Amino acid sequence: MFKALVLIFSVWICAVDIRSHRIPNELTLLLALALLFDSITAELYGFLIASALCLLIAYLGKVGAGDVKLFLVLVATSGTLILNPGYFLGMAVISLIHLVASLSISHLRGRKKPRTIAFAPSILIPFLLLYLAI
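What counts, and at which threshold
Sequence order as written defines residue numbering, which begins from 1 separately in each chain. Owing to the predicted nature of the model, reporting of local features is limited to residues with pLDDT of at least 70; listing and counting of side-chain atom pairs is limited to 80 or more, with chain, interface and lining totals taken over all residues. To get the side-chain values, take all heavy atoms of the structure and skip hydrogens and water. By convention, a stacked pair of Phe, Tyr or Trp rings (six-membered ring in the case of Trp) has centres within 6.5 Å and planes under 30 degrees apart, an edge-to-face pair has planes over 60 apart, and any other such pair is tilted. Categorising residues by exposure relies on relative accessible area from a 1.4 Å probe, with only protein chains included: less than 20% of the type maximum marks a residue as buried, more than 50% marks it as exposed, and the intermediate range marks it as partly exposed. Put simply, DSSP marks the helices as runs of H or I at least four residues long and the strands as runs of E at least two long, and each gets a number from the N terminus on. Note on criteria: charge over ring means Lys NZ or Arg CZ within 6 Å of the ring centre, with the direction from the centre no more than 35 degrees off the ring normal.

Caption draft 1: The arrangement of the packing of aromatic side chains in detail. In the structure shown here, the tally under the stated rule is four aromatic pairs. Each ring, one from Tyr87 and one from Phe88, has its centre 5.4 Å from the other, and the planes form 80 degrees; the classification is edge-to-face. Note on Tyr87: relative accessible area 0%, which makes it buried. Where Phe127 meets Tyr131, the ring centres are 5.2 Å apart and the plane angle is 25 degrees; that geometry is what we call stacked. In this pair, Phe127 and Tyr131 both sit in helix H6 (residues 120-131), four residues apart, roughly one turn of the helix. Among the aromatic residues, ring-to-ring pairing joins Phe71, Tyr87 and Phe88 into one connected group. We note Lys3 situated over the ring of Tyr131; from NZ or CZ to the ring centre the distance is 4.2 Å.

Nothing here speaks to function; it is geometry throughout.
Written out as structure tokens, the structure is:
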């Protein structure tokens, strides 16, 4: 049951982020609650390392606060999945696909390059693939 809620909340967050480039705190909290109820425990050591890396990357890469909160929720509740090289490879691939698609769509519509790109799909799609064992 909780896996279905995680899937629903993740799709909802991606849709909202794509549309508005904002991730509402309420949706992040709903995802956090679903993940907390489904997970037995998160490894504190992994959480601290991943959190520090996340904050460093966010600072250097000018990543939005909503994206940082979303990533930290995943690390806190599912750290072993997030601290997986496959997750980061998936994140890089999805980010690249999303960037190329956004630039292509923008070009086809005759607009300038987008100033911001929604990052929630890059965070959540590889997570869902691992979480749901797809």
